[in-house]
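# Observations on the three-dimensional arrangement
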Amino acid sequence: MKTIKKWLLPYKQALPALLLYQIIATVASAAWLALFKWIAGLLIRGTGKVAISSGDFLFLFKTWQGYVIILLAILTLFLLVAIDINPLVILCGRILKGEKPNVLLCFKEGFVSLKRFFTPGGFVVVLYLSLLAPILGFGVSITLTQNLYIPKFITSVIYSTPMFLIPVIIVVALLLFLGVIYMFILHGTLLDGMKLKDSARNSVRLVKKNWKDFLKSIVVFLLLYAVVLGLLLGLLALVLWIRSLIPMAENVNLIVSLVLMLIILFPMLYIVALFMPNYVLKLTMLYNRYQSEDGWEYQKREPRKSPLVIANVVLVVLAIVGLTVVVATMGEELFPNEIKTGYIAHRAGGNEAPENTVAGVDAAYKLGASGAEIDIQRTSDGYYVVNHDADFARTCGVAKKPSEMTLAEVKELKVDGEPVATFEEMLDASHGRVILYVELKGETADQQMADDAVRIIKERGMEKETVLISLQYDLIDYISNTYPEMETGYLTFVSFGDTAALNCDYLALEEETSTHSMISSIHDKGKKVFVWTVNDDEDLYKFLSSDADEIITDNVSGAKATKALLEERSLFDRMVDDVTDLFFG
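Now for a quick tour of the structure. Bear in mind that the values here come from a model prediction, so they are computed numbers and not experimental data.

Among the secondary structure elements, Val467 is positioned in strand S8 (residues 466-470). C-alpha of Val467 to C-alpha of Ile435: the two residues are 32 residues apart in sequence and 7.5 Å apart in space. Residue contacts for Val467: discarding those within four places in its chain leaves Ile435, Leu436, Tyr437, Val438, Glu487, Thr488, Gly489 and Tyr506.

Written out as structure tokens, the structure is:
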């Protein structure tokens, strides 16, 4: 027990200072980010655009406003490091010396120290901290980019293609290795005043000399953190299970359950929020120990009550009381039992039939899908056939592009026994059954394709049964302006600016960017949202119960089953889902 108390003592005594740091850093970072977005928004509108997105970003390199935005973005990364990381390292150093930490002074010193990073090496360090570390999921990183990710549609291709996977593994391993050996580069620079290159050499020396203890210490820290969170989750499950054994009225049951949940969830929220400060504190302890030739021990400070910690406890209690009162009086209104989100079969029928075939549309309809998404490309003789890839190698075993083949040649091909479909055949198969989401695909996706697609749709009177979609914003913009009677959808996996103002009817968002605020802002502009591509059971559960209008999925039968499950939830189940999503979603 004494060993545990001794191990926890630095974290316990550092709590008030780290809590104050986290509040200031979060507010300051959010304030600067809001200012950056406002300035960048003005510059974007100055180019005649409303947003920067994955399908429309090249204008950044063609206008002076674009270069200013790029420079501001780089400056923002440096400032976020100065706000979010440098003061934290300095603060942890002061705490471990037994000093009474002045958090505001640490922020000031963090800003002053930023000048040391205005070198080529410093630029690399900032990029690693702000972009690479979050993607790798390892090491120190700034708070606002901790959820940075590689889109799932890219990772799925990497994981399924050895030609891509092996080089990626090598690169990731190299980056992780560099992250480990240079783990103490900030400590030497910020705590001992070393030049960046000298601190880098010192970090390599310390890690090389103490690598076994270093790896063991980090692994133990991460495991203990995970164990604490796991125990709290287990306690929550146990408490709710015991509660379920005690008979009580439904309203009383709901209130008791909510109170018990919040009592456990709030501490979990604080533990998660303080992970990075505690992680940096641990690294600083290791740095002090490895750097000291005479041995190093934590300098215990006299315990004192912290008004900030007390204030947080009071706020948590008030929040629990307030939320309980609101739920008790407005439970059904807050957690309605209505699932409005539909599901669209990816590539016609998802995994339920050969992709992009008439059989796929039939399967989507039978499984209750609201729509089917297909990909069209132009043949060498001007017809439109349905195929996703650049050629037919994967689906039909023929390494030729649609643009290199005539319609007659394409019709000889089979996709798992099903004929390659024409655009017209897919329209006929979907008519009166499902909405057809038509992606203009590949190298032949141009204005001619858009004009031809609209003409073919109108010949069948299916303007209200189709949505034309594309990754190319200029193409969607052209269709929206030229054919306002047609519904359009823009597929984007990243965007910045007034995304909701983009000229289309639907915005298709990647899972990680489909936040409550983003969906709400799009709905506020009278537009619809679909999320792509949602396949895992957990993701299906999350997004089918979200405010999105539709999801695109390969797992159509799974989507149908999940939607049925969601519609059968009790008020208590809906409350649990929404409250946990509010805390950790």
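From this point, the discussion proceeds with the structure in view.
Okay, the side chain of Thr341 next. When you line up the elements, Thr341 lands in the loop between helix H13 (307-334) and strand S2 (342-345). Among residues more than four places away in sequence, those in contact with Thr341 are Phe543, Leu544, Ser546, Ala548, Asp549, Glu550, Ile551 and Lys563.

A few words on a nonpolar patch on the surface. Together, Leu131, Leu132, Ile135, Leu148, Ile150 and Ile154 make up a nonpolar patch on the protein surface, roughly 400 Å² of accessible area in all. With respect to the helices, strands and loops of the structure, Leu132 is situated in helix H5 (residues 120-136). For Leu132, a relative accessible area of 32% puts it in the partly exposed group.

Before going further, it helps to examine the pairing of strand S3 (residues 371-378). The buried count for S3 comes to eight of eight residues, which makes it a mostly enclosed element. Residues Gly371, Glu373, Asp375 and Gln377 line one face of S3 and the alternating positions Ala372, Ile374, Ile376 and Arg378 line the opposite face, and both faces are buried. Here S2 runs beside S3; their pairing, made up of two bridges, is parallel. Bridging from a neighbouring strand, Ile344 pairs with Gly371 of S3. Two elements, S3 and strand S7 (residues 435-440), share six bridges in a ladder whose sense is parallel. Pairing of Gly371 across the sheet is with Ile435, part of S7. Hairpin remark: S3 followed by strand S4 (residues 384-386), antiparallel, with five residues in the connecting loop; positive phi at Gly382, about 90 degrees.

Thresholds applied
Each chain carries its own residue numbering, running from 1 in the direction its sequence is written. Per-residue local features of the predicted model are confined to residues with pLDDT of at least 70, and side-chain atom pairs are confined, for both listing and counting, to 80 or more; whole-chain, interface and lining totals are unaffected and use all residues. Only heavy atoms go into the side-chain values, all of them from the structure, while hydrogens and water stay out. Strands here are runs of E lasting at least two residues and helices are runs of H or I lasting at least four, both read from the DSSP assignment and numbered beginning at the N terminus. Two residues qualify as a contact provided that any one of their heavy atoms is within 4.5 Å of a heavy atom in the partner residue. Residues qualify for a patch when their relative accessible area is over 30% and they have no salt bridge, like charges being joined within 9 Å and the nonpolar side chains of Val, Leu, Ile, Met, Phe, Trp and Tyr within 5 Å. Only the protein chains shown count as cover for residues, and all accessible areas are computed by the Shrake-Rupley method using a 1.4 Å probe. Here, a salt bridge means any side-chain nitrogen of Lys or Arg that lies within 4 Å of a carboxyl oxygen of Asp or Glu. Exposure categories follow from relative accessible area, calculated using a 1.4 Å probe and restricted to protein chains: below 20% of the type maximum is buried, above 50% is exposed, and the middle band is partly exposed. Strand pairing requires that DSSP identify at least two bridges connecting the strands.

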